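Coordinate inspection notes
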Amino acid sequence: MKKVVKFGGSSLASPEQFRKVGKIIKEEDTRRYVIPSAPGKRYAKDIKVTDMLYQCYDMAERGEAFEALLNKIQDRYEEIIQGLGLELSLQEEFRVIAETLKKKPGRDYAASRGEYLNGRVLAEYLGFAFVDAAEIILFREDGIVDMDQTGEMIRNCLSQKEYAVIPGFYGAFKDGTIKTFSRGGSDVTGSLVAGAIYADMYENWTDVSGFLVADPRIINNPEVIETITYRELRELAYMGASVLHEEAIFPVRRAGIPINIRNTNMPEEKGTMIVESTCRKSKYTITGIAGKKGFASINVDKDLMNSEIGFCRRVLSVFEDNGLSFEHMPSGIDTMTIFVNQSEFEEKEQQVISGIHRAVQPDVLEMESDLALIAVVGRGMRETRGTAGRIFSALAHARVNVKMIDQGSSELNVIIGVKNRDFETAIQAIYDIFVTARL
Ligand code: ASP
């Protein structure tokens, strides 16, 4: 049994956090490959090392003196090294970084040093080998990871090492130039390593106890989802729920490896298991609720639209020609509605309207703005009668006017459109009917 374990920035921001991480890793000898992020925030107003590094690079690029800021970054690592009583010195590393920054090596190089240095410290603390991610994660020229080569390089390297620390967030192009993933990308590194070595589990340790049923900024202390499928996760993540980097799903999913989201500060909790499929029923019929504000709808009416072949295509091609993607498209017999991102749409509004007039000569063309979309997601909905009924009676009781309903044929989710101002009330009402009422 072998596990790949990734620790987020807040789990590695101070000596105390490092101790918790060390204890977790040493508790199970299956936790063999460790992926650290850069030190994150120690308290709410703190600054992440990655952000400091970006700032440092921008100063270097403008030809400004960045040394004082780089010293502050060094202090962050010194605090950890001394707090843990390690012998390690990063003096030479920082000298090299300062020299290299003057040569303007690219923002990605600067940002990647956060993970690189934290990896050095963690490897020393654990007594594990250190593997530089630049040697095993290869980017193609178009900036996408070369999956085959990377897989092989990871396997070759780690087959020689029983335990290792591999810094997250970056890899390199063929010529050695450092390239990072987008922000939060250490999740992707963990997933690539887990997928390549056919790990039994990818544990992703963070500062929350798993994936929550709803957004904690809206619902007070929401329940944790015990088990979620990759497809459910995609639906919720698309609607704004976030714990994991979006690209972190694919490498492990392809290899059928489950992800376990865990809380470094509460290791006794089981967290959330993300799996390909499961016969475990979710606790509350629905698995989760997520949503986003800021949509607009364009309603196109035309008598006998249903018998006009190619009508939808002509309308949609107007959006395509204007580079707009649409979110949902509920339709009736002589009417269709297109939901789009409001801020993207606003810029092209007039071109789209005249385009639709020219393309299909509608009887009526109406628009509505300030709309929110809410996704109620759950693999359990397929087998349960009355889910939609419960959602809509809860919304009616909460005096929320439903503007749109869309149920995917997979019966995995119901999408509901409401006014922006009703967004929070609607989520609370749906949460209460499925979760609070069952507690
Ligand atoms: N340190 C990087 C960031 O702050 C990557 C990560 O933490 O995953 O985005």
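In what follows, the accompanying structure is described.

So, how was this worked out
Residues numbered from 1 in each chain as written. Predicted model: local features only at pLDDT ≥ 70, side-chain atom pairs only at ≥ 80, totals over all residues. Heavy atoms only, no water. Helix = DSSP H or I, 4+ residues; strand = E, 2+ residues; numbered from the N terminus. Buried < 20%, exposed > 50% of the residue type's maximum accessible area, 1.4 Å probe, protein only. Areas by Shrake-Rupley, 256 points an atom, 1.4 Å probe, with all protein chains shown as cover. Pairing = 2+ DSSP bridges. Axes fitted to C-alpha atoms, helices over the stretch in contact; angles between N-to-C directions. Parallel < 35°, antiparallel > 145°, perpendicular 65-115°, else oblique. Left-handed = near helix turned anticlockwise from the far one by under 90°. Contact = heavy atoms within 4.5 Å. Nonpolar A, V, L, I, M, F, W, Y, C, P; charged D, E, K, R; others polar. Near = heavy atom within 4 Å. Polar contact = N/O pair within 3.5 Å; in protein donor to acceptor, adjacent residues only side chain to side chain. Salt bridge = Lys/Arg side-chain N within 4 Å of Asp/Glu carboxyl O.

**As for the overall build of the chain**
The number of helices and strands found in the chain is 13 helices and 17 strands. Taking the principal axes of the C-alpha coordinates as reference, the chain spans close to 80 × 50 × 40 Å. Within the span of the chain, comprising 439 residues, buried residues form 52% of the whole. Entry remark: accessible area of the chain is about 20,600 Å², with carbon and sulfur atoms responsible for 47%.

**A few points about the sheet that holds strand β4 (residues 138-139)**
Here we have three strands laid out as an open sheet, ordered β4-β6-β7, and mixed in their pairing. Each end of this open sheet is capped by a strand with a single partner; those strands are β4 and β7 (178-180). Pairing analysis gives two bridges linking β4 to strand β6 (residues 170-173), with the strands arranged parallel. Across the sheet, residue Phe 139 finds its bridge partner in β6, namely Phe 173.

**Concerning the pairing of strand β8 (residues 201-206)**
With six of its six residues buried, β8 lies for the most part within the structure. As judged from the five bridges shared by strand β1 (residues 3-7) and β8, these two strands associate in the parallel manner. Looking at the pairing, Val 5 lines up with Glu 203 of β8. Bridge count between β8 and strand β10 (residues 259-263): five bridges; the pairing is parallel. Within β10, the position partnered with Thr 206 by the bridge is Asn 263.

**Regarding the packing of helix α2 (residues 49-61) against helix α3 (residues 67-84)**
The interhelical angle for the contact between α2 and α3, taken along N-to-C directions, is 160°, at an axis separation of 9 Å. On the basis of their axis angle, the class for α2 and α3 is roughly antiparallel. For the element pair α2 and α3, the recorded crossing hand is left-handed. Here Val 49, Met 52, Leu 53, Gln 55, Cys 56 and Met 59 of α2 lie close against α3, whose contacting residues are Leu 69, Leu 70, Lys 72, Ile 73, Arg 76 and Tyr 77. Residue composition of the contact of α2 with α3, grouped by class: nine nonpolar, one polar and two charged.

**Quick word on the site of the ligand**
Looking at the ligand, the residues that line it are Ser 37, Lys 48, Thr 50, Glu 115, Phe 169, Arg 183, Gly 184, Gly 185 and Ser 186. At 2.8 Å from a nitrogen atom of the ligand is found a side-chain nitrogen or oxygen belonging to Thr 50. A distance of 2.8 Å separates an oxygen atom of the ligand from a polar atom in the backbone of Gly 184. Considered on its own, the ligand offers 260 Å² of accessible surface; in the complex 92% of this is hidden by protein. Residues belonging to the shell around the ligand are distributed by class as follows: one nonpolar, five polar and three charged.

**Concerning the pattern of salt bridges**
Inspection of every chain in the model, using the stated rule, returns 26 salt bridges. Residues Arg 31 and Glu 28 are paired through a salt bridge, measuring 3.4 Å at the closest nitrogen-oxygen approach. On the accessibility criterion, Glu 28 (29% relative accessible area) is partly exposed. In this structure, Glu 93 and Arg 120 form a salt bridge, with 3.1 Å as the shortest nitrogen-oxygen distance. On the criterion of sequence distance, the pair formed by Glu 93 in helix α4 (residues 91-102) and Arg 120 in helix α5 (residues 107-126) is long-range, its members being 27 residues apart.

**A word on the environment of Arg 19**
Its place among the elements puts Arg 19 in helix α1 (residues 15-27). For the pair Arg 19 and Pro 267, spaced 248 residues apart in sequence, the C-alpha to C-alpha distance is 13 Å. Arg 19 has contacts with Gly 83, Leu 84 and Tyr 125, leaving out every residue within four places of it along the chain.

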